[in-house]
Amino acid sequence: MFTTTIAVAVFLFTYIGMGLGRIPGLRTGRTGIAIIALAVLLAAGVMPFARLGDAIDMPTLVLLFALMIL
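A quick note: this is a predicted structure, and the numbers were derived from the prediction, not measured. (Residues numbered from 1 in each chain as written. Predicted model: local features only at pLDDT ≥ 70, side-chain atom pairs only at ≥ 80, totals over all residues. Heavy atoms only, no water.)

**Student:** Which residues make up the overall build of the protein chain, and what values go with them?
**Tutor:** A count of helices and strands for the protein chain gives three helices and zero strands. Listing each helix as α and each strand as β along the protein chain from the N terminus yields α-α-α. Against the 2.2 N^0.38 benchmark of 11 Å for 70 residues, the protein chain shows a C-alpha radius of gyration of 14 Å, more extended than a compact globule. Here the C-alpha coordinates of the protein chain stretch approximately 40 × 35 × 15 Å along the principal axes. Sorting the 70 residues of the protein chain into buried and exposed places 13% on the buried side. Of all intrachain contacts in the protein chain linking residues separated by at least 6 positions in sequence, the fraction that spans at least 24 positions is 29%. Working note: accessible area of the protein chain is about 5,600 Å², and carbon and sulfur atoms make up 74% of it. (Helix = DSSP H or I, 4+ residues; strand = E, 2+ residues; numbered from the N terminus. Rg over C-alpha atoms; globule rule 2.2 N^0.38 Å. Buried < 20%, exposed > 50% of the residue type's maximum accessible area, 1.4 Å probe, protein only. Contact = heavy atoms within 4.5 Å. Areas by Shrake-Rupley, 256 points an atom, 1.4 Å probe, with all protein chains shown as cover.)

Laid out in structure tokens, this is it:
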């Protein structure tokens, strides 16, 4: 239950930060917000480090990379 609460709080924090484009009071952009959220999830044990590779969807990353090239 504790990990679910942390996961929901991190999701809301990240969602609000992405919507604003930055976190008020901090000098970090969307990329920094995503990295901070990942670090919090890893530190809290919500996302085990061993399963981190399984959470990455490679076809989606390849598609996004291909669209950026165009």
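Moving on, there is more to tell.
**Student:** Got a sec to walk through helix H2 (residues 30–44)? Specific residues and values, please.
**Tutor:** Here H2 spans 21 Å end to end across 15 residues, near enough to the 21 Å set by a 1.5 Å rise per residue. Positive backbone phi, at 80°, marks Gly45, one or two positions downstream of H2. (Expected span 1.5 Å × (residues − 1).)

**Student:** An account of the side chain of Thr14 is requested, with residue identities and associated values reported.
**Tutor:** Structurally, the position occupied by Thr14 is in helix H1 (residues 2–20). When residues no more than four places from it in sequence are discounted, the contact partners of Thr14 are Ile33 and Ala37.

**Student:** Lay out the packing of H1 against H2 in plain terms, naming residues and giving numbers.
**Tutor:** Running from amino to carboxyl end, H1 crosses H2 at an angle of 175°, the nearest separation of the two axes being 9 Å. Classified by the angle their axes make, H1 and H2 are roughly antiparallel. For the pair H1 and H2, contact is made by Thr3, Ile6, Ala7, Val10, Thr14, Gly17, Met18 and Gly19 and by Arg30, Ile33, Ala34, Ala37, Val40, Leu41 and Ala44, respectively. Per-class residue counts for the contact of H1 with H2 are 10 nonpolar, four polar and one charged. (Axes fitted to C-alpha atoms, helices over the stretch in contact; angles between N-to-C directions. Parallel < 35°, antiparallel > 145°, perpendicular 65-115°, else oblique. Nonpolar A, V, L, I, M, F, W, Y, C, P; charged D, E, K, R; others polar.)

**Student:** Would you mind going over the side chain of Thr28 in detail, with residue names and values included?
**Tutor:** With respect to the helices, strands and loops of the structure, Thr28 is situated in the loop between H1 and H2. A residue is classified by how much of its surface remains accessible, and Thr28, at 17% relative accessible area, is buried. Those residues in contact with Thr28 that lie beyond four places of it in its chain are Gly21, Arg22, Ile23, Ile33 and Ile36.

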